[in-house]
Amino acid sequence: MKKTGCWLALFGIALIVTPGLGAQNRHGMGFNGITGLYSIPSGYIGRNDVDLGIDLGMTYNFVNRDPIVKAGFSLFKWVELTAAFDFQPKVNYPLDDKQNNSLNNTDIITGIKVQLPADKTAIALGGNLQIINRYVDRSGAELAGQLYIAVSYPAEFFGMPVETSLSLGYTFRKPLDSNIDFGMGFDLTLLPDVFKEFIHWLVDFSNFSYSIDPLGNNAWYRGALNTGLRIDLAAIPALNKFKFFIDVIAADILDDGNRSFIIGTVFGLPLK
């Protein structure tokens, strides 16, 4: 209850304090640590206004009890390096009494993204390496990877700023198939005259998930639709040198049995 009270207090402060640098671009992390919406990457890196920046983030899936810890480094205003540790619940198998039947199920996702020079529209090329410790047949980790191109561009929707992102790519895993990865979503600054650019509404839909072994965001059959609110606390003048988001997310909301409620946060700061 104390933690809940602290979050509510911060939210209340955010609504009444006048924003400092509302025009500054700030972008959050996806579930896998890559800068973007929830499942899909955007055309931006974490920070393109400094030579060196760091973002730290975490999400917690209350349905599957799945925490993900993330970190990202922005380099030279055009390169991003990321890593995410997906601490999924351990898998239990009926083994004999002399063996430990609780097996580690942590996944590691590392990524690299390069933002290309462009005017207004942001374009990036990227990829990730996934080390999946599912232990389905007790053979050890499985490797997978993804290559993609992501595009983000600004517009307006009924007078509210909106940033639309598109992603197209391919996921490499055994056995290879002919499926193409596609995702689309938007980040809408919700009623800026009322909420002073603190509140964003995010939606993304994709036929791929944040990894090949997701929890609460499984796009394998019908795709996954995620939506939620992103509270930008860095719009407070005292925090305007930093990046500070709180995410409240409803994941895979169209699929019965796989819907999830997720809370996340991202904090970033310039180092050079």
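Scroll up a little and you will see the structure.
What you are looking at is a predicted structure, and each value in this text was computed from that prediction instead of being measured.

The rules behind each value
- Residues numbered from 1 in each chain as written.
- Predicted model: local features only at pLDDT ≥ 70, side-chain atom pairs only at ≥ 80, totals over all residues.
- Heavy atoms only, no water.
- Pairing = 2+ DSSP bridges.
- Helix = DSSP H or I, 4+ residues; strand = E, 2+ residues; numbered from the N terminus.
- Axes fitted to C-alpha atoms, helices over the stretch in contact; angles between N-to-C directions.
- Salt bridge = Lys/Arg side-chain N within 4 Å of Asp/Glu carboxyl O.
- Buried < 20%, exposed > 50% of the residue type's maximum accessible area, 1.4 Å probe, protein only.
- Contact = heavy atoms within 4.5 Å.

K.L.:
Sorry, what's going on with the sheet that holds strand β10 (residues 181-189) here?
P.N.:
By definition, the strands of a sheet pair up through backbone hydrogen bonds, in either a parallel or an antiparallel sense. Strand order in the closed barrel formed by twelve strands is β1-β2-β3-β6-β7-β8-β9-β10-β11-β12-β13-β14, with antiparallel pairing between adjacent strands. The sheet shows a mean angle of 20 degrees between the axes of neighbouring strands, direction not considered.

K.L.:
Which parts of the structure should I look at to understand the pattern of salt bridges?
P.N.:
Evaluation of the coordinates by the stated rule reveals six salt bridges. Linking D49 and R47 is a salt bridge whose minimum nitrogen-to-oxygen distance equals 3.0 Å. A residue is classified by how much of its surface remains accessible, and D49, at 37% relative accessible area, is partly exposed.

K.L.:
Could you clarify how one ought to interpret the pairing of strand β13 (residues 243-251) in this entry?
P.N.:
Looking along a regular strand, one sees side chains alternate from face to face of the sheet. Here β13 lies mainly inside the structure; seven of its nine residues are buried. Here β13 pairs with strand β14 (residues 260-270) via nine bridges, running antiparallel. Bridge pairing in β14 places I246 opposite T265.

K.L.:
Looking at this structure, how should I read the environment of G268?
P.N.:
Considering the arrangement of structural elements, one finds G268 in strand β14. On the accessibility criterion, G268 (0% relative accessible area) is buried. C-alpha of G268 to C-alpha of G72: the two residues are 196 residues apart in sequence and 8.9 Å apart in space. Here G268 is in contact with I54, D55, F242 and K243, once residues within four sequence places are set aside.

Everything listed here is a matter of geometry and, on its own, says nothing about what the molecule does.
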